[in-house]
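A closer look at the structure
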Amino acid sequence: MSPAETENLIASIHAISTGSGEQHKEHRYGSRMPSLWWLLTSQKWIEIPINLYVLEHRDGLVLFDAGMDPAIAIDPNYVSSAIGRFFMRKLFRFHIGPNDTLTSKLQELGFAAEDVSKVVVSHLHFDHIGGIKEIAQAELLVSREEWQQLSGPHPERDFIFREHIELPGAKWHQIDFQPSNDLLFDPFGGCHDVMGDGTMVLLPTPGHTPGSMSMLVRSAGYPPLLLVGDLTYETDLLMNDQVPGTGDVALLRSSFAKVRGLKAQLPGLMILASHDPEADKDLAAVRAPDPQANI
Ligand SMILES: [Zn+2]
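Since we're looking at a predicted model, the values are computed, not measured. (Residues numbered from 1 in each chain as written. Predicted model: local features only at pLDDT ≥ 70, side-chain atom pairs only at ≥ 80, totals over all residues. Heavy atoms only, no water.)

1. Comments concerning the overall build of the protein
- Within the protein, the secondary structure is distributed over eleven helices and twelve strands.
- Principal-axis analysis of the C-alpha atoms places the extent of the protein at approximately 55 × 40 × 35 Å.
- The proportion of buried residues among the 295 residues of the protein is 54%.
- Taking the intrachain contacts of the protein between residues at least 6 apart in sequence as the baseline, contacts between residues at least 24 apart amount to 69%.
- Looking at the protein as shown, the accessible area adds up to about 13,000 Å², and 52% of this sits on carbon and sulfur atoms. (Helix = DSSP H or I, 4+ residues; strand = E, 2+ residues; numbered from the N terminus. Buried < 20%, exposed > 50% of the residue type's maximum accessible area, 1.4 Å probe, protein only. Contact = heavy atoms within 4.5 Å. Areas by Shrake-Rupley, 256 points an atom, 1.4 Å probe, with all protein chains shown as cover.)

In structure tokens, the structure reads:
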């Protein structure tokens, strides 16, 4: 048991949604067809929430991802690249209201946008970074591998839009995963301790994008949690080795195996995907009763 598990350093963990969208069935569950084929022909849509996670740590409010910018639903030129706009319309439909901002969703939980001290960005896709313009003070953590995609010739073809990421004054910080004494993290080849107390440990889980990362959360009030971003869209798919319709299949399978290995070491581990519609309900259900509540 890590020291973090014996102390209640995280008072609450919530999933909040900055609107919802729809993705193709083949995107979520995979397909034998080439991705360009189903992208252009599929008529089967599945509703997904655009979630992010809010962790109320003793030393500051931490987000895992930053949700989507509602401007995407009303501004036809939100994405400046024509090819980016074209593929985005083929891949997603959005249902986002004007109040589906990060700021108003945090307010519903009783937090202010200014309270956010850090954001762990699982990967740089537009539906995970849209809220960063509302939290200019926050430190933004991204893996070095993910950040390198920005210097590629056409990041917009991979739904990485530089104009919403490289904001003036944004406090981006690139993570280099370090070796750990904890054997639990050996298969991942490195980790990064976000708060320096073991409560939030970042692990490289590439596949959805080359630099995608997950976060292991350990604190007394909850079972161990692994927030996996878009490594999978449903936990059962990862457990059954069913890869989605996009991403690098070999890397996805390798990361899936590492996550299943982690779960074998931590049997109570709860794995939460970013687009899991039940996430907030599931988190509320596993939260341990507050030991101070009846005093
Ligand atoms: Zn996503």
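2. Things to note about the pairing of strand β5 (residues 116-120)
- Counting buried positions along β5 yields four of five residues, so the element is predominantly enclosed.
- Sheet topology note: the β5/strand β6 (residues 139-143) ladder contains three bridges and is parallel. Looking across to β6, one finds that Val120 is bridged to Leu141. (Pairing = 2+ DSSP bridges.)

3. Side note on the coordination of the zinc ion
- All of the protein donors around the zinc ion are Asp127 (OD), His128 (NE2), Asp230 (OD) and His275 (NE2); their distances to the metal are 2.1 to 2.2 Å.
- For the zinc ion, the four donor atoms in the first shell make angles of 87 to 165° at the metal, so the coordination geometry reads as irregular.
- Mapping the donors of the zinc ion onto the primary sequence gives the spacing D-H-x101-D-x44-H. Here Asp127, found in helix α7 (residues 126-129), pairs with Asp230, found in the loop between β11 (225-227) and α9 (235-239); they are 103 residues apart in sequence, far enough to count as distant.
- The class for Asp230 is buried, based on a relative accessible area of 4%. (Donors = N, O, S within 2.8 Å, 3.2 Å for Na, K, Ca; no water. Tetrahedral: all angles 85-135°; square planar, octahedral: opposite > 155°, others 65-115°.)

4. Quick look at the sheet that holds strand β10 (residues 213-217)
- Reading across from one edge, β8-β9-β10-β11-β12 is the order of the five strands in this open sheet, with mixed pairing throughout. The open sheet has two edge strands with one neighbour each: β8 (192-193) and β12 (270-272).
- Of the pairings in the sheet, the one linking β10 to β11 comprises three bridges and is antiparallel in character. When the bridges of β11 are listed, Met215 appears paired with Leu227.
- The strands touched by helix α11 (residues 279-286) are β11 and β12; relative to β12, the strand with the most contacts, the crossing angle is about 155°. (Axes fitted to C-alpha atoms, helices over the stretch in contact; angles between N-to-C directions.)

5. Re the packing of aromatic side chains
- All told, the structure shown has eight aromatic pairs when counted by the stated rule.
- When the ring of Phe92 is compared with that of Phe94, the centres are 5.9 Å apart and the planes differ by 20°; the resulting orientation is stacked.
- The buried category is assigned to Phe92, whose relative accessible area is 13%.
- Among the residues examined, Phe94 registers a relative accessible area of 21% and is labelled partly exposed.
- Judged by centre distance (5.0 Å) and plane angle (45°), the rings of Trp147 and Trp172 are tilted. Here Trp147, found in helix α8 (residues 144-147), pairs with Trp172, found in strand β7 (residues 171-175); they are 25 residues apart in sequence, far enough to count as distant.
- Members of the aromatic cluster, connected to one another through ring pairs, are Phe92, Phe94, Phe126, Phe159 and Phe161. (Phe/Tyr/Trp six-rings, centres within 6.5 Å; stacked < 30°, edge-to-face > 60°.)

6. A closer look at a nonpolar patch on the surface
- There is a patch of nonpolar side chains on the surface, built from Leu36, Leu40 and Phe86 and spanning about 270 Å² of accessible area.
- Structurally, Leu40 can be placed in helix α3 (residues 35-41).
- By relative accessible area, Leu40 is classed as partly exposed at 42%. (Patch = residues over 30% accessible without salt bridge, like charges linked within 9 Å, V, L, I, M, F, W, Y side chains within 5 Å. Salt bridge = Lys/Arg side-chain N within 4 Å of Asp/Glu carboxyl O.)

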